[in-house]
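# Descriptive analysis of the structure
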Amino acid sequence: QVQLVESGGGLVQAGGSLRLSCAASGRTFSSYAMGWFRQAPGKEREFVGSINWSGGTTYYADSVKGRFTISRSNARSTVYLQMNSLKPEDTAVYYCAQYSLSTVISARTSTVDYWGQGTQVTVSS
């Protein structure tokens, strides 16, 4: 049974930073791409970014490019989302995702196998 457990969310002022973590268990972490998505109140879930199995390839939504960075530790079975220069419009529940493929360069959810439970990020103005 695959489990994805996010942590690190919270309240931060605009311009601040947060780092989210997602600890995975249940299958060979290093074989799969990982992703981050977010969902704001009243909006659909949207893609934030993805990282391939080795960490050598990342892909970001235009809205976060240059501000957010995804990384991973295969030794720790953990993926991270470093969020800098946060804006109020980044307020959302952030979800970790594990794909069925080793590399994903797409915003689509069709290849997501598993989701985390989500962690709230609130950015105050």
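Summary of the structure given here. The structure presented is a predicted model; accordingly, all values stated were derived computationally and were not measured.

## A short note on the state of the cysteines
All told, the structure shown has one disulfide when counted by the stated rule. Cys22 shares a disulfide with Cys96; S-S distance 2.1 Å. Disulfide Cys22 to Cys96: torsion about the S-S bond roughly -75°, handedness left-handed. You can see Cys22 sitting in strand E3 (residues 18-25) and its partner Cys96 sitting in strand E9 (residues 92-99), a full 74 residues away along the chain.

## Observations regarding the sheet that holds strand E1 (residues 3-7)
Read across the sheet, four strands follow the order E1-E3-E8-E7 without closing on themselves; strand pairing throughout is antiparallel. Both edges of this open sheet fall to E1 and strand E7 (68-73), since each of them pairs with a single strand only. Across the sheet, the axes of successive neighbouring strands diverge by a mean angle of 15°, strand direction being ignored. Alignment of E7 against strand E8 (residues 78-83), held across six bridges, turns out to be antiparallel.

## Some thoughts on the nonpolar core
Grouped together as the largest cluster of nonpolar side chains are 33 residues, with contacts concentrated most on Met34, Trp36, Phe68, Val79, Leu81, Met83 and Tyr94. Sorting the residues of this core by element identifies E3, strand E4 (34-39), strand E5 (46-51), E7, E8, E9 and strand E11 (119-124) as the ones contributing at least two each. Sequence-distant contacts of Phe68, that is, excluding residues within four places in its chain, are made with Arg38, Val48, Tyr60, Leu81, Gln82, Met83, Asn84, Leu86, Asp90 and Tyr94.

## Observations regarding the packing of aromatic side chains
Applying the stated criterion to the full structure yields three aromatic pairs. Ring geometry for Phe47 and Tyr59: centres 5.6 Å apart, planes at 40°, overall tilted. Here the residue Phe47 occupies a position in strand E5, and Tyr59 occupies one in strand E6 (residues 58-60), the gap between them amounting to 12 residues. Its relative accessible area of 8% is what places Phe47 among the buried residues. Joined through ring pairs, the aromatic side chains of Phe37, Phe47, Tyr59 and Trp115 make up one cluster. Above the ring of Tyr32, the side-chain terminus of Arg27 is found at 3.7 Å from the ring centroid. Arg45 extends its terminal NZ or CZ atom over the ring of Trp115, reaching a point 4.5 Å from the ring centre.

## Quick look at unusual backbone geometry
Although it is not a glycine, Ser77 sits at a positive phi angle of roughly 50°. Its location among the elements puts Ser77 in the loop between E7 and E8. For Ser85, which is not glycine, the phi dihedral falls at a positive 50°.

Each value, and the rule that gives it
Residues numbered from 1 in each chain as written. Predicted model: local features only at pLDDT ≥ 70, side-chain atom pairs only at ≥ 80, totals over all residues. Heavy atoms only, no water. Disulfide = S-S within 2.5 Å. Helix = DSSP H or I, 4+ residues; strand = E, 2+ residues; numbered from the N terminus. Pairing = 2+ DSSP bridges. Axes fitted to C-alpha atoms, helices over the stretch in contact; angles between N-to-C directions. Core = buried A, V, L, I, M, F, W, Y, C linked by side-chain atoms within 4.5 Å. Buried < 20%, exposed > 50% of the residue type's maximum accessible area, 1.4 Å probe, protein only. Contact = heavy atoms within 4.5 Å. Phe/Tyr/Trp six-rings, centres within 6.5 Å; stacked < 30°, edge-to-face > 60°. Lys NZ or Arg CZ within 6 Å of the ring centre and 35° of its normal.

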